[in-house]
Amino acid sequence: MSFGLTFEKLLVIGLIAVLIIGPDRLPQLAAQFARLIRSLRDMANGAKERMREEMGPDYDDVDWKKLDPRQYDPRRIIREALMEDEAQPTRPGAAAGAATVTAPKRESAYAQRQRLLREGRPAPFDPEAT
């Protein structure tokens, strides 16, 4: 379960609620809680229907999983943005014979260090980083 609540803990909380609230008022509060849950569900469905009405046919085309905040990964977003710049074709107004500018191949810090060690040169050192 969520928030570290196990079945046993929920059972103890329910038992304490029965003792504090009492058996006389418990059915009324349970019915009230059920109405609250039902109204929240109806409000969510109403918001969904209103959004569908306002967006029109585009509502079905939206990839809702892509908009899920749990999918947010800054590294992935930056990586896709960098790859998107490299994948863009030349401008339509550019001359046909113009040279295209390509980004230099980037080497990871680990690969750079390994290459320098193979060449017998010391690895790069940044005195400001330490």
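Residues numbered from 1 in each chain as written. Predicted model: local features only at pLDDT ≥ 70, side-chain atom pairs only at ≥ 80, totals over all residues. Heavy atoms only, no water.

A. Summary view of the overall build of the protein. Per the secondary structure count, the protein includes 5 helices and 0 strands. The burial tally for the protein puts 3% of its 130 residues in the buried class. (Helix = DSSP H or I, 4+ residues; strand = E, 2+ residues; numbered from the N terminus. Buried < 20%, exposed > 50% of the residue type's maximum accessible area, 1.4 Å probe, protein only.)

B. Quick look at the environment of R121. Topologically, R121 is positioned in the segment after α5 (109-118). Overall, the relative accessible area of 45% leaves R121 in the partly exposed class. When near neighbours in sequence (up to four residues on either side) are disregarded, R121 contacts R115 and L116. Within the structure, the side chain of R121 is placed 3.2 Å from the side chain of E119, a separation counted as a polar contact. (Contact = heavy atoms within 4.5 Å. Polar contact = N/O pair within 3.5 Å; in protein donor to acceptor, adjacent residues only side chain to side chain.)

C. Layout of the pattern of salt bridges. Counted under the stated rule, the structure contains 5 salt bridges. Two residues, E54 and R50, come together in a salt bridge whose shortest N-O distance is 2.9 Å. Taken as a pair, E54 and R50 lie in helix α2 (residues 26-55) at a separation of 4 residues, close to a single helical turn. For E54, a relative accessible area of 58% corresponds to the exposed category. In this structure, R76 and E80 form a salt bridge, with 3.2 Å as the shortest nitrogen-oxygen distance. Highlighted residues: R76 and E80, both in helix α4 (residues 74-87), separated by 4 residues, approximately one helical turn. (Salt bridge = Lys/Arg side-chain N within 4 Å of Asp/Glu carboxyl O.)

D. Representation of a nonpolar patch on the surface within the structure. Taken together, the side chains of F33, L36, I37, L40 and M43 present a nonpolar region at the surface, about 510 Å² in accessible area. Along the chain, M43 falls in helix α2. (Patch = residues over 30% accessible without salt bridge, like charges linked within 9 Å, V, L, I, M, F, W, Y side chains within 5 Å. Areas by Shrake-Rupley, 256 points an atom, 1.4 Å probe, with all protein chains shown as cover.)

E. Region of interest: the environment of Q71. Structurally, Q71 can be placed in the loop between α3 (58-61) and α4. Non-local contacts of Q71, meaning those with residues more than four positions away in its chain, are made with K65 and R76.

Nothing here speaks to function; it is geometry throughout.
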